[in-house]
Amino acid sequence: MFNDPLRAICDDPLERKWIWISLVLAVVMGGLLGFYAVASNLNPPSNVETIDSSRLHLTQEFAEDNLGVKNQPDGSLRVTLVAARYGFYPQHIEVPADTPVTFRIASADVLHGVHVPFTNMTTMIVPGYISEVQTRFPRTGEFSLLCNEYCGLGHDSMWSRLVVVPKSAGGASS
Ligand SMILES: [Cu+2]
């Protein structure tokens with residue numbers, strides 16, 4: 001018969017059975033998590049790039065005039081945003097469907113998060129760091145960019161509009 005390694009720590013067969021069930025469940029759930037992370041292309045944000053949050057307006061990239069949607073030479077788009085209490089600036093961005101988009105977001109004050117419901121676009125925006133997310137939006141429509149980290153009294157109203165237009169409409173800027 002199968003020599004139960006748990007016998008060394010537990011005498012009760014019923015208890016050992018439940019320990020096995022919980023171990024198997026933990027392995028199955030961990031496996032599912034890994035499987036869906038790979039299958040849906042979900043990645044932890046791993047871009048480690050620092051910036052002085054109090055001087056965003058003095059940087060080239062996050063100066064007010066340079067925010068928004070920019071076409072890149074390889075046909076992808078770059079969206080530069082500033083998250084500040086209580087909004088994402090610019091507050092309205094438009095991107096074509098099915099096009100690679102790189103979001104670069106910096107916080108001007110406290111910890112924020114960004115999340116677009118029904119897509120894989122989500123990340124934390126930690127003051128002092130530039131958050132970078134690469135994604136593409138397969139469906140057209142209007143989406144909300146929501147803050148999902150409590151950032152103060154106006155947190156519930158911290159959101160901006162993301163419009164995904166048909167691909168033929170091209171990359172419009174804000
Ligand atoms: Cu918030």
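Residues numbered from 1 in each chain as written. Predicted model: local features only at pLDDT ≥ 70, side-chain atom pairs only at ≥ 80, totals over all residues.

### Looking at the overall build of the protein chain
Right, on to step 1. Along its length, the protein chain carries 1 helix and 10 strands.
Right, on to step 2. For the protein chain, the N- to C-terminal ordering of α and β elements is α-β-β-β-β-β-β-β-β-β-β.
Right, on to step 3. The C-alpha atoms of the protein chain give 22 Å as radius of gyration, which overshoots the globular expectation for 174 residues (16 Å, by more than 25%).
Right, on to step 4. Reported as C-alpha extents along the three principal axes, the dimensions of the protein chain are approximately 70 × 40 × 30 Å.
Right, on to step 5. In the protein chain, which comprises 174 residues, the share counted as buried stands at 20%.
Right, on to step 6. Looking at the protein chain alone, contacts between residues at least 24 apart form 63% of all its contacts between residues at least 6 apart. (Helix = DSSP H or I, 4+ residues; strand = E, 2+ residues; numbered from the N terminus. Rg over C-alpha atoms; globule rule 2.2 N^0.38 Å. Buried ≥ 20, exposed ≤ 12 C-beta atoms within 10 Å, placed from the backbone. Contact = placed C-beta atoms within 7 Å.)

### A closer look at the environment of Leu77
Right, on to step 1. Within the fold, Leu77 resides in strand E2 (residues 77–84).
Right, on to step 2. When the C-alpha positions of Leu77 and Val101 are compared, they lie 4.7 Å apart, and in sequence the two are 24 residues distant.

### Structural notes on the domain arrangement of the protein chain
A common way to express how large an interface is: the accessible area buried when the components associate.
Right, on to step 1. We note that the domain assignment places domain 1 (5–39) and domain 2 (53–169) within the protein chain.
Right, on to step 2. In this structure, domain 1 and domain 2 have C-alpha centres spaced 40 Å apart. (Domains from an automatic or database assignment.)

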